[in-house]
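Residues per chain, in single letters:
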Amino acid sequence: MKTYRMLIGGAWVETESGQTFETENPFLGKPWAAIPRAGAADVDRAVAAARAAFAAPSWRGLSASARGALLRRFADLLAEDAERLAQIETRDNGKLIAEMRAQLRYMPQWYHYFGGLADKIEGRVIPIDKPGVFNFTREEPLGVVAAITPWNSPLMLATWKLAPALAAGNTVVWKPSEYSSASALEFGELFEKAGFPPGVVNIVTGFGNEIGERLVSHPHVAKVAFTGGDRTGQGVYELAARSIKPVTLELGGKSANIVFDDAKLDDAVKGVVSGIFAATGQTCIAGSRALVHRPIYDEFVSKLVAFAQTARIGDPSMDDTQVGPITTRPQLSKVLDYIEIAKSEGARCVLGGQRATAAQCGDGWFVEPTIFVDVKPSMRIAQEEVFGPVLAIIPFETEEEAVEIANGTVYGLAAGVWTTSIERALGMSQRLEAGTVWVNTYRATSYMSPFGGYKRSGIGRESGLSAIREYLQEKSVWIDISGNVPNPFVQR
Ligand code: NDP
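Residues numbered from 1 in each chain as written. Predicted model: local features only at pLDDT ≥ 70, side-chain atom pairs only at ≥ 80, totals over all residues. Heavy atoms only, no water.

Turning next to the overall build of the protein chain. Tallying secondary structure elements over the protein chain gives 16 helices and 23 strands in all. Over its C-alpha atoms the protein chain spans a radius of gyration of 24 Å, differing by no more than 12% from the 23 Å that the globule rule assigns to 492 residues. Overall, the protein chain is about 80 × 55 × 40 Å in size when its C-alpha atoms are taken along their principal axes. Out of the 492 residues belonging to the protein chain, those deemed buried represent 57%. Within the structure as shown, the protein chain displays about 19800 Å² of accessible surface, and the carbon and sulfur contribution to it stands at 52%. Between the mean site of the 50 positive side-chain charges and the mean site of the 55 negative ones, the protein chain shows a separation of 4 Å. (Helix = DSSP H or I, 4+ residues; strand = E, 2+ residues; numbered from the N terminus. Rg over C-alpha atoms; globule rule 2.2 N^0.38 Å. Buried < 20%, exposed > 50% of the residue type's maximum accessible area, 1.4 Å probe, protein only. Areas by Shrake-Rupley, 256 points an atom, 1.4 Å probe, with all protein chains shown as cover. Lys, Arg positive; Asp, Glu negative; His and termini not counted. Charge placed at Lys NZ, Arg CZ, Asp CG, Glu CD.)

Rendered as structure tokens:
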């Protein structure tokens, strides 16, 4: 068993209480490392360190170009360490090694991109309408940013926050999920190596229900950037509101993958499978509803089932595994419960539908890739986020009906459209209530393109040019150039 420490103020420390908790390997179903279990006092230490770093000349006094160079240096170190981090993530949260390698190969781009942006943050001179004054704006960092991330793509989702937050000149206290803290702590070492001043990035580990509230409500935290479930996100939002803190919330989804009768069916089959069974369905953008045009419904379902059946389930550390374990024990129960709910509501299961117990699954927490057909839009399986390899297929007759069903949930994170008609593609991209719409593809993301949710799927955008604005505040500066202070009793 490896024992980890947390990163506070540039030092690797134990918690004040000395407590740790065990983190488990979901493929083996066994603990493999001890993680510090922070308490409120540790959160206070981390926030104090981040606050001191924010004010210190070693960070505040750094030119924007030098800050950008640090981020780019970090990107290079990350690229060098990608394989090791991928292995740790796979061990700790069961994510496929193939997916982790791809994510980690791509992740440095965020630090290059936002590093490049650091010295392009500019204010404006306002052509002000009042005589005798000069007015300009400054773009300033907010202060200490609390970054809270879930377990499903931990380093990537942290990167989406850390890269723009640091490029803008903030300091960070990052609380990773209790289920994916090991990779976060290993990742933390690279900030030191890159030369970030102590306290600019701090990592506190532990249980969200024990330290999350303290972190979000801390008076010296200026902003909260959260990715997680919508219920937790709602609590974070309410708490942040009490101290008027800005938030970025990236929450859940129930995304629709819509297949029209003019689609290239074999491509659409791959797209729907990629939407729900890749990452074992444990992704916020999972295309967990397939809306299928009635004229091709039977043909599409049989092709889909035939293809999904071939998915190789098993050891996530093998290069050719396609479906890995469920990351956490509670999540395993939740996914199995939803399968029973779907059955009891009358949805027809045509693939999977139970815990996977094949020899190659060992004692791991696996669920068979599962497909329900003849799902009604009102069923819970069509409305609620399962976060597992469970697909609900819903037939539709007209484009109008497809839009109504697709938009008929509280979420609005993403949607997929499969069609060969450009008019239909453009029309649907406009009518779908989702922060991302993919046409004839699914699950594409980039550091250059904004990502975020409509409706209950979140607030704010990550990645792309707009993301940097989430970590800045605009100041308006007025300077008298007339040399003559006018009547003090009349507003200028
Ligand atoms: P949770 O909402 O349970 O947890 C997210 C993070 O919040 C974890 O670090 C958790 O810590 C922490 N947390 C828990 N309770 C509190 C609290 N009271 N105050 C502050 N923080 C708290 O989500 P999961 O980890 O289960 O992740 C899955 C969810 O994340 C799904 O709903 C998914 O859709 C969503 N998600 C959204 C994405 C997006 O970009 N829109 C991307 C990826 C996932 P701990 O783990 O220790 O409890």
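Having seen the structure, we can now continue with the description.
What follows deals with the site of the ligand. Near the ligand, the surroundings consist of 30 residues, among which Glu 178, Thr 232, Leu 251, Cys 284 and Glu 385 are the closest. Separating an oxygen atom of the ligand from a side-chain N or O atom of Ser 177 is a distance of 2.9 Å. Within the contact set of the ligand, an oxygen atom lies 3.3 Å away from a backbone nitrogen or oxygen of Gly 206. In isolation the ligand has 900 Å² of accessible area, and contact with the protein removes 86% of it. Of all the secondary-structure elements, those providing two or more residues to the shell around the ligand are helix 8 (208-217), strand 11 (223-227) and helix 9 (230-242). It is helix 8 that contributes the most residues to the shell around the ligand, four residues altogether. By residue class, the composition of the shell around the ligand is 13 nonpolar, 12 polar and five charged. Taken domain by domain, the makeup of the shell around the ligand includes at least three residues from each of domain 1 (2-251 + 457-476) and domain 2 (256-439). (Near = heavy atom within 4 Å. Polar contact = N/O pair within 3.5 Å; in protein donor to acceptor, adjacent residues only side chain to side chain. Nonpolar A, V, L, I, M, F, W, Y, C, P; charged D, E, K, R; others polar. Domains from an automatic or database assignment.)

Let's shift gears to the packing of aromatic side chains. Following the criterion strictly, the structure yields 21 aromatic pairs and no others. Between the aromatic rings of Phe 21 and Phe 207, the centroid separation amounts to 4.7 Å while the plane-to-plane angle is 45 degrees, which identifies the pairing as tilted. Of this pair, Phe 21 sits in strand 4 (residues 20-25) while Phe 207 sits in the loop between strand 10 (201-203) and helix 8, and the two are 186 residues apart along the sequence. Both residues of the pair, Phe 21 and Phe 207, count as buried. The rings of Trp 59, Phe 74, Tyr 111, Trp 174, Phe 187, Phe 191 and Phe 196 are connected pair by pair, giving a single aromatic cluster. Between the NZ or CZ atom of Arg 91 and the centre of the ring of Trp 32, over which it lies, the distance is 4.9 Å. (Phe/Tyr/Trp six-rings, centres within 6.5 Å; stacked < 30°, edge-to-face > 60°. Lys NZ or Arg CZ within 6 Å of the ring centre and 35° of its normal.)

Another aspect to go through is the domain arrangement of the protein chain. Here the protein chain is described as being made up of domain 1 (2-251 + 457-476) and domain 2 (256-439). A separation of 31 Å is found between the C-alpha centroids of domain 1 and domain 2. Between domain 1 and domain 2, the contact holds 22 residues from the first and 32 residues from the second. Between domain 1 and domain 2, a total of about 2100 Å² is buried, with carbon and sulfur atoms accounting for 59% of that surface. The largest per-residue losses of area from domain 1 upon contact with domain 2 belong to Phe 27, Leu 96 and Trp 151, which jointly make up 31% of the total buried on that side. Run the count over domain 1 and domain 2 and you get two salt bridges. Of the charged contacts in the structure, one is a salt bridge between Glu 24 and Arg 329, with a shortest N-O distance of 2.9 Å. (Contact = heavy atoms within 4.5 Å. Buried area = accessible area lost by both parts, 1.4 Å probe. Salt bridge = Lys/Arg side-chain N within 4 Å of Asp/Glu carboxyl O.)

The buried fraction of strand 19 (residues 414-418) is high, at five of five residues. Every second residue of strand 19 is oriented toward a common face, with Ala 414, Gly 416 and Trp 418 on one face and Ala 415 and Val 417 on the other, all of them buried. Where strand 13 (residues 256-259) meets strand 19, four bridges bridge the pair, whose relative direction is parallel. Looking at strand 19, one finds that Val 259 is bridged to Trp 418. One ladder, built from four bridges, connects strand 19 with strand 20 (residues 436-439); its direction is parallel. (Pairing = 2+ DSSP bridges.)

Let us now look at the environment of Phe 307. Along the chain, Phe 307 falls in helix 11 (residues 297-308). A C-alpha to C-alpha distance of 44 Å links Phe 307 and Glu 238, two positions 69 residues apart in sequence.

Let us look at a nonpolar patch on the surface. On the surface, Val 125, Phe 134, Ile 479 and Ile 481 cluster together to form a nonpolar patch covering roughly 370 Å² of accessible area. Along the chain, the position of Ile 479 falls in strand 23 (residues 472-480). (Patch = residues over 30% accessible without salt bridge, like charges linked within 9 Å, V, L, I, M, F, W, Y side chains within 5 Å.)

Turning to helix 7 (residues 181-194), a few remarks are in order. Between the first and last C-alpha of helix 7 there are 21 Å, a value that for 14 residues agrees with the 20 Å anticipated at 1.5 Å per step. With respect to burial, helix 7 is a largely interior element, 11 of its 14 residues being buried. Those residues of helix 7 not exposed but buried are Ser 181, Ala 182, Ser 183, Ala 184, Leu 185, Glu 186, Phe 187, Gly 188, Leu 190, Phe 191 and Ala 194. Just past helix 7, the residue Gly 195 takes up positive phi, approximately 105 degrees. (Expected span 1.5 Å × (residues − 1).)

Quick look at the packing of helix 3 (residues 64-93) against helix 5 (residues 108-117) now. Between helix 3 and helix 5, the least distance of the axes is 8 Å, while the angle of their chain directions is 170 degrees. Taken together, the axis directions place helix 3 and helix 5 in an arrangement best described as roughly antiparallel. Mapping the contact onto sequence places Gly 68, Leu 71, Arg 72, Phe 74, Ala 75, Asp 76, Leu 78 and Ala 79 in helix 3 and Pro 108, Tyr 111, His 112, Phe 114, Gly 115 and Gly 116 in helix 5. Broken down by class, the residue content of the contact of helix 3 with helix 5 amounts to eight nonpolar, four polar and two charged. (Axes fitted to C-alpha atoms, helices over the stretch in contact; angles between N-to-C directions. Parallel < 35°, antiparallel > 145°, perpendicular 65-115°, else oblique.)

Before going further, it helps to examine the sheet that holds strand 7 (residues 133-141). Ordered by their spatial adjacency, three strands build an open sheet running 6-7-23, and the pairing between neighbours is antiparallel. Edge strands, defined here as strands with exactly one partner in the open sheet, are strand 6 (125-126) and strand 23. Here strand 7 runs beside strand 23; their pairing, made up of nine bridges, is antiparallel. Note that in strand 23 the partner of Phe 134 across the bridge is Ile 479.

This part takes up the pairing of strand 14 (residues 289-293). Burial of strand 14 is extensive: five of the five residues sit out of reach of the surface. Alternating positions in strand 14 separate into two faces, Arg 289, Leu 291 and His 293 on one and Ala 290 and Val 292 on the other, with burial throughout. Bridge count for strand 13 against strand 14 is four bridges, and the pairing is parallel. Bridge assignment links Val 259 to a residue of strand 14, and that residue is Val 292. Bridging between strand 14 and strand 17 (residues 390-396) involves five bridges; their strand directions are parallel. Looking across to strand 17, one finds that Leu 291 is bridged to Ile 394.

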